[in-house]
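# Working through the structure, step by step
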Amino acid sequence: MLFKSTLSAAAVALATSVPLWAETITDDVGRSVEVDLPIQRAVIFNRYSVEFARAIGAIDQVVGTGASTYRDPDYWPEFTEADVVGQGQNEPNYEAIIAKNPDLVILPRNGVYEEAARQLEPFGIPVMVITAWDTLKHVENVELMGKLFGQEEQAADLVDYYVGYQTLLAERLDGVPPVPVYLEEKRPLVTVTPGSGWHDMIAAGGGQNVFGDIVIEDQAASRGNVNAFTIDPEEIVQRQPQLIVKLEPGSYTTIPEAQYATTWADLTGREEILSSPAGQSGNVHVINYYLAGGSSKITGALQIAKWAHPELFADIDPEEAMRRWIEDFQGLPYQPGMTYRAGF
């Protein structure tokens, strides 16, 4: 169902039947934010947070988002161009936000939340930091969003889904030595470091990020940030990854096999990849961002585990976990084909 800047039927019913109460909530970065609950009109930046809203049945209460979300219409049929209130979490359009008259604006901690709070305070619009991409904060983030939107029961269902797989991973990997993993972003020689949700995903899947010793504050700013850290080819060879995973930019819809094949061929044609234990054993894979990032990256952690410890996870299908996330919580038909390795 498409929604506009006006209240949806569900939100109107909520507004007329549920009394509001004020509550002060401590957000992701320790700020105290006073809000009237339940939230009836929210602007949410960052796809992961919008996914949480849809997963708990609160999508009709979302009246604005960033263009980066809107650009994926197959995954977000609820949105139209009229719902766009900025390019993304670092480029909000404050006039457009104010015109939506939201009860709350939600940004992740790597968004411009301080600037947004200053700009929107004169209009009585609170800004809250919720970082849905943070693997380690999944449960508290989902429970908080359930409370914010009056959707505690559906939020509990999502927590159960996540914790079930989290527990499975922890139990099977207990005492198992981690496997050295090199995760490459869409750009060659760009990886992740501690502080990134991708780093935590690797750890949850029984891997050891080969660049996990990097302290980003000690590095030159020109090398990037925790989510996009530039390295030299020789560093991959020196760190000896036994599993290499390449993130393929894509969307919810199936990535064409030819696109996967080109990425894989380019990756495995590089000398530093061929010289690593992963390259020599053929344990090199390409993965769609959507599988890697599903439900605070729990589906990505399952896939890492499957590749890093195949003997322990022979009965586990990460794409089945992704199907549940897409169909049961996002309300969309599942699109298969989320990973690629030549010959498989």
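For the structure given in this document, a descriptive report is provided here.

Definitions and cut-offs
Residues numbered from 1 in each chain as written. Predicted model: local features only at pLDDT ≥ 70, side-chain atom pairs only at ≥ 80, totals over all residues. Heavy atoms only, no water. Core = buried A, V, L, I, M, F, W, Y, C linked by side-chain atoms within 4.5 Å. Buried < 20%, exposed > 50% of the residue type's maximum accessible area, 1.4 Å probe, protein only. Helix = DSSP H or I, 4+ residues; strand = E, 2+ residues; numbered from the N terminus. Contact = heavy atoms within 4.5 Å. Phe/Tyr/Trp six-rings, centres within 6.5 Å; stacked < 30°, edge-to-face > 60°. Pairing = 2+ DSSP bridges. Axes fitted to C-alpha atoms, helices over the stretch in contact; angles between N-to-C directions. Polar contact = N/O pair within 3.5 Å; in protein donor to acceptor, adjacent residues only side chain to side chain. Salt bridge = Lys/Arg side-chain N within 4 Å of Asp/Glu carboxyl O.

## Some details on the nonpolar core
Core analysis: the largest hydrophobic core is formed by 72 residues, its most contacted members being Leu148, Phe149 and Trp325. No other element matches the 11 residues that helix 13 (residues 289-308) contributes to this core. In contact with Trp325, other than residues within four places in its own chain, are Glu51, Phe52, Ala55, Tyr75, Leu158, Tyr161, Gly294, Ser295 and Gln330. Core analysis: the next-biggest nonpolar cluster, separate from the first, contains 20 residues, Val210, Ile216, Leu267 and Tyr340 among them.

## With respect to the packing of aromatic side chains
Considering all chains together, one arrives at 11 aromatic pairs under this definition. Seen in terms of ring centroids, Tyr75 and Tyr252 are 5.3 Å apart; in terms of plane orientation they differ by 40 degrees. Their pairing is tilted. One end of the pair, Tyr75, is in the loop between helix 3 (67-70) and strand 5 (86-88); the other, Tyr252, is in the loop between strand 14 (243-248) and helix 10 (257-268), and 177 residues separate them in sequence. An identical accessibility class is assigned to Tyr75 and Tyr252; each is buried.

## Structural notes on the sheet that holds strand 8 (residues 127-129)
Ordered by their spatial adjacency, 4 strands build an open sheet running 4-3-7-8, and the pairing between neighbours is parallel. The open sheet is flanked by strand 4 (62-64) and strand 8, the only strands paired with a single partner. Within this sheet the neighbouring strands show an average axis-to-axis angle of 35 degrees, counted without direction. Against the sheet, helix 6 (residues 138-149) engages strand 3 (42-44), strand 7 (104-107) and strand 8, with an angle of about 165 degrees to strand 7.

## Points about the side chain of Glu184
Mapped onto the secondary structure, Glu184 falls in strand 9 (residues 179-184). A polar side-chain atom of Glu184 sits 2.8 Å from a polar atom in the side chain of Arg270. Ignoring sequence-local partners within four residues, the contact set of Glu184 consists of Leu189, Val190, Val245, Lys246, Leu247, Leu267 and Arg270.

## Focus: unusual backbone geometry
Residue Pro38 is reached from Leu37 by a cis peptide bond, and omega for that bond is -5 degrees. Along the chain, Pro38 turns up in the loop between strand 2 (32-37) and strand 3. At Gln240, a residue that is not glycine, the phi angle is positive and equals roughly 55 degrees. With respect to the element layout, Gln240 can be found in the loop between helix 9 (233-239) and strand 14. One non-glycine residue, Lys297, adopts positive backbone phi at about 70 degrees. By the element assignment, Lys297 lies in helix 13. The exposure class of Lys297 is buried, given its relative accessible area of 2%.

## Focus: the sheet that holds strand 12 (residues 224-225)
In space, the 3 strands of this open sheet follow the order 10-13-12, with antiparallel pairing throughout. Looking at which strands have only one partner, the edges of the open sheet turn out to be strand 10 (190-191) and strand 12. Bridge count for strand 10 against strand 13 (residues 228-230) is 2 bridges, and the pairing is antiparallel. Residue pairing for strand 13: Thr191 is matched across the bridge by Phe229.

## Some remarks on the pattern of salt bridges
The tally for this structure, following the rule as stated, stands at 16 salt bridges. Lys147 serves as the salt-bridge partner of Glu23, at 2.3 Å between the closest nitrogen and oxygen. With a gap of 124 residues between them, Glu23 in strand 1 (residues 21-26) and Lys147 in helix 6 connect regions that are remote in the sequence. A salt bridge links Glu184 to Arg270; its shortest N-O distance comes to 2.8 Å. Residue Glu184 is found in strand 9, and its partner Arg270 is found in the loop between helix 10 and helix 11 (271-274); the two are separated by 86 residues along the sequence. Neither residue differs from the other here; Glu184 and Arg270 are each classed as buried. Three or more residues joined by partner-sharing salt bridges are found here, namely Asp28, Arg109, Asp134 and Lys137.

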